[in-house]
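Chains, contacts and geometry: an overview
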Amino acid sequence: MIKTPTQIAVMREAGRLLGQVFSMLDNRVGAGQSTLELDAAVEAFIRNDLQARPASLGQYDYPFSINTSINEVVCHGMPNAKDVLKDGDIVNIDITLEKGGFIADSSKMYMIGAVAPKARRLVEQTFEAMWAGIRQVKPGARLGDIGYAIQSHAQANGYSVVREYCGHGIGREMHEEPQILHFGRPGTGLTLREGMVFTIEPMLNQGSAKVRSLKDGWTVVTRDNNLSAQWEHTVAVTADGFEVLTLQANA
């Protein structure tokens, strides 16, 4: 679980490149775009412009480079030519990138056109919940501190936290130990140490936390069809706190 300074430097570069992918998408995602078109654009940009590898493609036999989760889709939404973004949609785009043998993982919400105030608030408060968790990261803190901060922020704002999916350690493999739950009790769980690298990626629902999987074997949706939102960063534990490895430049 512990990465050396040299390994974290490689992960920092992977994270910097992944930030560039999202900067490219910032100028592209909009009404009229199909999620399959976005997938093709991301794969081409990672391979051709960044000379890196889209790490999700082929992972667990997944056939695309990104996940696109629209509105009531909680996570693992699959790009599709028929899924065309329209005014009022919210969509999470989740991307992994490998460079130099190490993987960075991040996801971001996009609001398409005129989004309803309740949907906008969900997106914004999910972003704040992620950061509430990130701010707990430092040597000596416990994993339960991260989960508690996220859960407390979500519930204080009237949202539920999806429990079936969590953050994870990351490095040469996309999914390593430990699991990073987005709920918990402070002062419990694994103690954080300098050199740990993991994702924090809360999924918040407007209604119930309950979810169900679709027949494609990937897509997860809210059971009550209310909206869901997610944000994600890859975070390293430093000597005195944390470093977010997947920040966008000038964002």
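Residues numbered from 1 in each chain as written. Predicted model: local features only at pLDDT ≥ 70, side-chain atom pairs only at ≥ 80, totals over all residues. Heavy atoms only, no water.

Section: the sheet that holds strand β10 (residues 203-205)
Pairing in this open sheet of three strands is antiparallel, and the strands run β6-β10-β13 from one edge to the other. The open sheet has two free edges, formed respectively by β6 (160-161) and β13 (228-230), since each of these has just one partner strand. Across two bridges, the pairing between β6 and β10 is antiparallel. Of the residues in β10, the one forming a bridge with V161 is L204. (Pairing = 2+ DSSP bridges. Helix = DSSP H or I, 4+ residues; strand = E, 2+ residues; numbered from the N terminus.)

A word on the side chain of N157
Checked against the element boundaries, N157 lands in the loop between α4 (143-156) and β6. Excluding residues that lie within four positions of it along the chain, N157 makes contacts with R121 and Q125. (Contact = heavy atoms within 4.5 Å.)

Details of the nonpolar core
Judged by nonpolar contacts, the single largest core of 30 residues is most densely connected at I90, V137, I146, L192, F198 and I200. Breaking this core down by element, the ones donating at least two residues are α3 (117-134), α4, β9 (197-200) and β14 (233-237). Among the nonpolar cores identified, the runner-up in size contains 24 residues, and V29, F45, L50 and I112 belong to it. (Core = buried A, V, L, I, M, F, W, Y, C linked by side-chain atoms within 4.5 Å. Buried < 20%, exposed > 50% of the residue type's maximum accessible area, 1.4 Å probe, protein only.)

Focus: the UniProt feature "binding site: substrate" (unreviewed entry) in the chain
Following the UniProt record, one finds the feature "binding site: substrate" (unreviewed entry) at H76 and H175. Here H76 lies in the loop between β3 (73-75) and β4 (90-99). Given the relative accessible area of 27%, H76 is considered partly exposed. Setting aside residues no more than four positions away along its own chain, H76 makes contact with N67, S69, Y165, W218, T219 and V220. Within the element layout of this structure, H175 appears in the loop between β7 (167-169) and β8 (176-180). Owing to a relative accessible area of 40%, H175 belongs among the partly exposed residues under this scheme. Dropping the residues within four chain positions of it, H175 is found in contact with Q59, Y60, H168 and G169. A polar side-chain atom of H175 sits 2.9 Å from a polar atom in the side chain of Y60. (UniProt positions renumbered as here; feature names shortened; annotations may be inferred. Polar contact = N/O pair within 3.5 Å; in protein donor to acceptor, adjacent residues only side chain to side chain.)

Brief notes about the packing of α3 against α4
One way to put it is that α3 packs onto α4 with a least axis distance of 7 Å and a crossing angle of 155°. By the angle class used here, α3 and α4 are roughly antiparallel. α3 and α4 meet at a crossing whose hand is right-handed. Residue-level inspection shows Q125, E128, A129, A132 and G133 of α3 in contact with α4, the latter providing I146, A149, I150 and H153. Split by residue class, the contact of α3 with α4 holds five nonpolar, three polar and one charged. (Axes fitted to C-alpha atoms, helices over the stretch in contact; angles between N-to-C directions. Parallel < 35°, antiparallel > 145°, perpendicular 65-115°, else oblique. Left-handed = near helix turned anticlockwise from the far one by under 90°. Nonpolar A, V, L, I, M, F, W, Y, C, P; charged D, E, K, R; others polar.)

Considerations on the pairing of β4
Among the 10 residues of β4, nine are classified as buried, and the element is accordingly described as predominantly covered. Note: strand β1 (residues 53-54) against β4, two bridges, orientation antiparallel. Following the sheet pairing, P54 is matched in β4 by L97. Pairing of strand β2 (residues 66-70) with β4 involves five bridges; the strand directions are antiparallel. Bridged to N67 within β4 is D94.

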